[in-house]
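Structural features, examined
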Amino acid sequence: MLSRRSLLFGSAASLLQGAPRPELQPYFPSPAHQFVWRNWDLVPADRIAAALGCSTSAVQELGREMYLGDGDAAREYDERLRFSVLRRNWFFVPKEQILPMIGMTGAELETLLDHDAFYRAHLSKQPDVQTIRLGSRARAGKPLRWFEPPPQTGTPEPRFAFERALAEPMAAPPRQRTRKRPATIAYPYFCPYGDILALDDYQRYYPQGLLQRMAAHGVSAIWLHALLRDLVPTKLFKPKPHRLERLQWIVDQCASAGLGVYVYLNEPRAVREEFYERHPELRGAPGRPGDGLRCMCTSAPATREFLFTGTRDLFRSVPGLEGVILITASENPTNCYSLTRTPDCPRCSKRSAAEVIGEVVASVERGVHEAKPSAEVIAWDWSWGLIEDDPQASIIAALPKGVTLQVDFERGTPIVRLGAKAQVDEYSISVPGPSPRASAHLALAQKRGLPVMAKTQIGTTWELATVPFLPVLDLIAEKMRAFHRNGLSGGMLSWTLGSCPSMNWELVHLLSSQKGDSSDPVLEIARRRYGRKAAPKVRAAWKIFSDAFRTYPFSNALVYSSFVLEGPAHRLYPKPSGLSARILNSFDTLGWTEPFGPERVAALFRKMGDEWRRGVELFRAAISEMNDSQRELAEQDAVVTEAAGLYFDSIAAEVTFYLERNRSNIASAEARRSLQEQLRAAERLLALCARDSRIGFEASIGYVFLPLDIREKLAACRYLLEEVGGVRA
C-alpha cells in the first residue's frame with residue numbers, strides 16, 4: 001500500500017521511478033502548436049510570443065488554426081494560475097521558456113517549490129526538453145481536423161466567477177455566536193494555499209460574503225498556513241513586519257463575521273545548507289533526496305527556543321488568534337523524525353520519536369499559552385504512522401497536558417472491494433469512520449484527560465477533489481452520528497478542498513445544532529432546499545449517490561495519482577508516455593490501480609457511473625415539482641451532481657483503453673468503444689463547465705483543469721478514433 005509520503009517523496013519504486021522524457025502529442029501539428037494551445041487560456045498572447053521568439057500575430061494565427069478564438073488570458077489571475085502554467089508545460093517546455101510566462105526568476109520559482117513539499121513532488125524532475133520555436137507551420141499530412149470550435153451554448157461562465165458570487169454579502173447574515181470549543185474549522189473555499197500573507201491582494205480571499213456563508217453553515221473558525229520564520233522576528237530569523245499586519249487584518253475581518261482564525265504550522269521548517277554555515281549547531285537530519293534542505297534539530301536548545309519565542313511573540317502580536325494546528329510528521333521536513341524512523345542525526349537518533357515529537361509540541365504549547373492561556377493548541381496525529389506503529393500510544397503519552405488531540409477519523413480503516421483488500425490511509429467520505437486507529441487514539445487521549453477533536457471532510461475529498469461537493473448525504477449523516485457517539489462535537493472539517501457551501505454543510509450544521517423535528521435529517525435538508533413536494537425524490541436520489549459512492553475503490557495511489565482528479569479532462573496518451581506517476585499526476589500509468597488491479601477498478605467505477613446516472617435522472621425528475629427559486633438552486637446542484645458521474649464513466653473507459661493499448665490492441669472494438677465513451681463524457685463535461693466555474697477548481701492548485709483541457713481530450717479521442725481506429729468521430 002502506497003502512503004502519501006511515498007507519493008510525495010518517491011520511495012515507491014514500482015509506481016514512481018523512471019526517467020521522464022518530453023511529452024509531445026501526435027495530434028498537434030507541431031511542438032509550437034502544442035505550446036500555444038497549452039498556454040492560450042493561461043498566459044497573454046504577447047508573453048507566449050516572447051517565449052516562442054515570434055510575433056504576437058503569429059501566435060494568434062496558430063490559435064485560429066486550432067479554433068482557439070480571439071480570447072486573451074486575463075492578467076487578473078496571473079498569480080492564481082502560475083502552478084497551472086507549470087503543470088501544463090513542465091514536461092515539454094524548458095524552464096527558461098516557462099519563467100517569462102509566469103513572471104518569475106529561477107530563484108523565485110525555487111522559493112515557490114520549496115514552500116511546500118507538495119509542489120516539488122507534483123512536478124518532479126524536468127525531462128531533458130528542447131527549446132520550442134515557431135519553425136514550420138505544420139507537419140506534412142497532419143491536418144487540424146481533430147480540433148473543433150467549442151459548441152455554442154450561450155455565454156460560458158468565466159472561470160473564477162464563483163468568487164464574485166460567494167463574496168456578495170448575505171442579505172440576512174447569521175447572528176454572531178459565542179465561539180465554541182472544540183471549534184468547527186474549515187478553509188475558505190477559494191483562498192490560495194501557501195504563503196497567502198505574501199500576496200498583495202490577500203484581502204480578496206476573505207470577503208464578508210464568504211465568511212458569512214461559512215458562519216451560516218455552522219463553521220466557527222477558519223485556518224491558514226504560514227511559516228513561523230516568516231511571521232515573527234527571532235534570534236534566528238528577521239522577517240519583515242507586513243505578514244503580521246496582514247494576519248491581524250484577517251483576524252479582524254473574520255471576527256466581524258463571528259469566526260476565529262487558526263494558524264497551521266508545520267515546524268520547525270527545514271532550511272537550506274547555507275543557514276548552517278552560520279548555525280552549525282542546529283544542523284539536523286537531511287530532507288528529501290535532492291531538495292537541499294536540512295532539518296533544524298530540535299534536540300538543540302536554540303531550535304526549541306525558536307519554537308517557544310516564535311509562537312509566544314506571534315500570539316502577543318496578534319492576540320485575536322484562536323489557536324494553532326500542528327503537523328509534526330510527513331508533509332515537509334521539520335524535526336529530525338518527521339520523515340523517518342531512523343533519523344540521520346547524531347543527537348535525535350539516540351532519542352525516541354515520541355520524545356522528539358512531544359518536545360516539539362511542548363515548545364509550541366508553552367509559547368502560545370504564555371502569551372494567551374485561552375488559545376487552543378491542536379496536535380494532529382497526521383502521519384504519525386511513519387514513526388510509530390498504530391496506535392501511536394507513546395506519542396500521545398508524550399503530549400503536554402495543555403493540548404487538544406486531533407485524530408484522523410477514517411485513516412486506518414480496512415476495506416474490501418470485489419474481494420480485494422485495502423486500507424484507507426487518508427480522510428475519506430466513502431468510508432464514514434471511525435477507523436480502529438481513530439478509536440484507539442480517542443480512547444488514549446480521553447484516558448489522559450486531553451480534549452479531542454477529529455479531522456474529516458464534509459464537502460468533498462481527494463476521492464473527487466475538483467467538484468465543489470458530493471451529494472452523498474447519507475454517508476455524511478453516518479459520519480456525523482459516529483462523531484457524536486465518540487463524544488466529538490467539533491473538528492477540522494476541511495483541508496484546502498471541500499469547504500464550498502453546500503447541502504452537506506447544511507446537514508452537518510443541522511445535526512450539530514440538534515435542531516429540526518425530523519427523524520430523517522437528510523429528508524429535512526431536501527425539504528429546506530427544494531420544498532416538501534420534491535423532497536422525497538431528492539432524498540431517494542441522494543440515497544442512490546451515497547450507496548454508489550460507498551463502493552469507491554480507495555487507495556492512496558488512486559486518490560493522489562490517478563485519473564480521478566481530472567476525469568473526462570484527463571489527457572489521453574496514444575502511445576506510452578514513459579512519464580512516471582506522481583502526486584496528482586498519473587499520466588498513462590495504471591500502477592495506481594493496485595491493490596485492486598485495473599480490471600476491478602474499471603468495473604467498480606463503471607458500476608458507480610451507472611448507479612449515479614440513475615440518481616441524476618431521479619433528481620432531475622424532482623425539479624418539475626419545485627417553485628422557481630427552488631428550481632434555480634436545484635439546476636445549479638444538478639450540474640455539479642451530473643459532472644461527478646461523468647468522472648466515474650470516464651475513469652472506467654480510460655482504464656479500459658490503456659489496458660487495450662498496452663496489449664497492442666489499440667484498434668480493437670473494446671478500445672474504440674472506450675474512446676467513444678470518453679468522447680461523450682468529455683463533450684458533456686465541457687457543456688457543464690460552461691455553466692459552473694467551480695468545476696475543475698481546487699484551492700491548492702487553482703484550476704486543476706480548464707475547458708481547454710477538455711477540448712484537448714476531445715481532440716485526442718477524435719485523432720485515435722480516425723487515425724488508429726478508422727472511425728470518424
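Please read these numbers as outputs of a predicted model, since none were measured by experiment. (Residues numbered from 1 in each chain as written. Predicted model: local features only at pLDDT ≥ 70, side-chain atom pairs only at ≥ 80, totals over all residues. Heavy atoms only, no water.)

Side note on the pairing of strand β3 (residues 260-265)
What counts is decided by this rule: For every residue, the accessible area (1.4 Å probe, protein chains only) is compared with the maximum for its type, and the residue is labelled buried under 20%, exposed over 50%, or partly exposed between those bounds. A helix here means a DSSP run of H or I that spans at least four residues, while a strand means a run of E at least two residues long, and both kinds are numbered starting from the N terminus. Strands are labelled as partners when DSSP assigns at least two bridges between them.
Counting buried residues in β3 gives six out of six residues, a clear majority hidden from the surface. Side chains of β3 alternate between two faces, with Gly 260, Tyr 262 and Tyr 264 and Val 261, Val 263 and Leu 265 buried alike. Examined bridge by bridge, strand β2 (residues 221-225) and β3 share five bridges and lie parallel to one another. Residue pairing for β3: Ile 222 is matched across the bridge by Val 261. Relative to strand β7 (residues 323-326), β3 is paired through four bridges, and the arrangement is parallel. Following the sheet pairing, Leu 265 is matched in β7 by Leu 326.

Here we look at the sheet that holds strand β9 (residues 404-408)
Taken together, eight strands build a closed barrel; the order of strands is β1-β2-β3-β7-β8-β9-β12-β13 and the barrel is parallel. Two strands pair when backbone bridges link them, and strand β1 (residues 184-186) and strand β13 (residues 491-492) are joined in this way by two bridges, in the parallel orientation. Of the residues in β13, the one forming a bridge with Thr 184 is Gly 491.

Topic: the sheet that holds strand β5 (residues 283-286)
Here we have three strands laid out as an open sheet, ordered β4-β6-β5, and antiparallel in their pairing. The open sheet has two edge strands with one neighbour each: β4 (271-272) and β5. One ladder, built from two bridges, connects β4 with strand β6 (residues 293-296); its direction is antiparallel. Bridging across to β6, Val 271 finds its partner in Arg 294.

Observations concerning helix α26 (residues 669-689)
Test applied: For a helix, the expected span equals 1.5 Å multiplied by the number of residues minus one. Contact definition: two residues touch when any of their heavy atoms are within 4.5 Å.
For α26, spanning 21 residues, the distance from its first C-alpha to its last is 30 Å, which sits close to the expected 30 Å at 1.5 Å a residue. Within α26, the full set of buried residues consists of Ala 671, Ser 674, Leu 675, Gln 678, Leu 679, Ala 681, Ala 682, Leu 685, Leu 686, Ala 687, Leu 688 and Cys 689. Residues of α26 that are buried make contact with α25 (628-662) and α27 (707-724).

Side note on the pattern of salt bridges
In a structure, side chains of opposite charge can pair up when their charged atoms sit close to one another. To keep things clear, this is the line we draw: Within this document, salt bridges are pairs made up of a side-chain nitrogen of Lys or Arg and a carboxyl oxygen of Asp or Glu, the two lying within 4 Å of each other.
Scanning the entire structure with this criterion turns up 53 salt bridges. Here Arg 47 and Asp 78 are joined by a salt bridge, their closest N and O atoms 2.5 Å apart. One end of the pair, Arg 47, is in helix α4 (residues 45-52); the other, Asp 78, is in the loop between α5 (56-65) and α6 (82-89), with 31 residues separating them in the sequence. For Asp 78, a relative accessible area of 23% corresponds to the partly exposed category.

Focus on the pairing of strand β12 (residues 452-455)
Regular strands have side chains that alternate between both faces of the sheet. On β12, burial covers both faces: Val 452 and Ala 454 on one face and Met 453 and Lys 455 on the other are all buried. Taken together, the four bridges between β9 and β12 define a ladder with parallel strand orientation. Bridge assignment links Gln 406 to a residue of β12, and that residue is Met 453. Two elements, β12 and β13, share two bridges in a ladder whose sense is parallel. Bridge pairing in β13 places Lys 455 opposite Met 492.

Thoughts on the packing of aromatic side chains
Here is the rule: Each pair of aromatic rings taken from Phe, Tyr and Trp, with Trp reduced to its six-membered ring, is defined by centres within 6.5 Å and is described as stacked if the planes are under 30 degrees apart, edge-to-face if over 60, and tilted in the remaining cases. By definition here, charges over rings are those cases where NZ of Lys or CZ of Arg is within 6 Å of the ring centre and within 35 degrees of the ring normal.
One pass over the full model with this rule turns up 45 aromatic pairs. Note on Tyr 189 and Phe 697: the rings are 5.5 Å apart at their centroids and 65° apart in plane angle, and the pair reads as edge-to-face. Taken together, the residues span a long stretch of sequence, with Tyr 189 in the loop between β1 and α11 (208-216) and Phe 697 in strand β14 (residues 697-698) at a distance of 508 residues. Comparing Tyr 189 with Phe 697, the two get one shared label, buried. These aromatic residues form a ring-pair network of at least three members: Tyr 187, Tyr 193, Trp 223, Tyr 264, Trp 380, Trp 382, Tyr 427 and Trp 495. Sitting above the plane of the Phe 308 ring, Arg 366 keeps its charged end 4.4 Å from the centroid.

With respect to the environment of Gly 53
Position of Gly 53 among the secondary structure elements: in the loop between α4 and α5. Its relative accessible area of 59% is what places Gly 53 among the exposed residues. For the pair Gly 53 and Ile 132, spaced 79 residues apart in the sequence, the C-alpha separation amounts to 9.0 Å.

Overview of unusual backbone geometry
Trans is the common state for peptide bonds, and a negative phi is the common state for residues other than glycine. Cis geometry is found at the peptide bond from Asp 390 to Pro 391, where omega equals -15°. By the secondary structure assignment, Pro 391 is in the loop between β8 (376-380) and α17 (393-398). Between Gly 433 and the following residue, Pro 434, the backbone shows a cis peptide bond with an omega angle of 5°. Mapping Pro 434 onto the fold places it in the loop between β11 (420-423) and α18 (436-448). At Phe 160, a position not held by glycine, the phi torsion is positive, near 70°. Inspection of the secondary structure assignment puts Phe 160 in the loop between α9 (117-123) and α10 (161-167). Relative accessible area serves as the criterion here: at 2%, Phe 160 is assigned to the buried category. Look at Leu 418: it is not a glycine, yet its phi comes out positive at around 50°.

Things to note about helix α8 (residues 106-114)
Let me state the cut-off plainly: By arc we mean the arc of the directions from the helix axis to the C-beta atoms, nothing more.
Along α8, the residues classified as buried are Leu 109, Leu 113 and Asp 114. When α8 is viewed along its axis, its buried side chains cluster within an angular range of 135° and face the same direction. Facing away from the buried surface of α8 by more than 90 degrees, the exposed residues are Ala 107 and Thr 111.

What about the side chain of Gln 126?
Let me state the cut-off plainly: Polar contact criterion, stated in full: a pair of N or O atoms within 3.5 Å, where within protein one must be able to donate a hydrogen and the other to accept it, and residues adjacent in sequence count only if both atoms are side-chain atoms.
Position of Gln 126 relative to the elements: it lies in the loop between α9 and α10. Given a relative accessible area of 17%, Gln 126 falls into the buried group. A polar side-chain atom of Gln 126 sits 3.0 Å from the main-chain carbonyl oxygen of Trp 90. A distance of 2.7 Å separates the side chain of Gln 126 from the backbone oxygen of Val 93, its partner in a polar contact.

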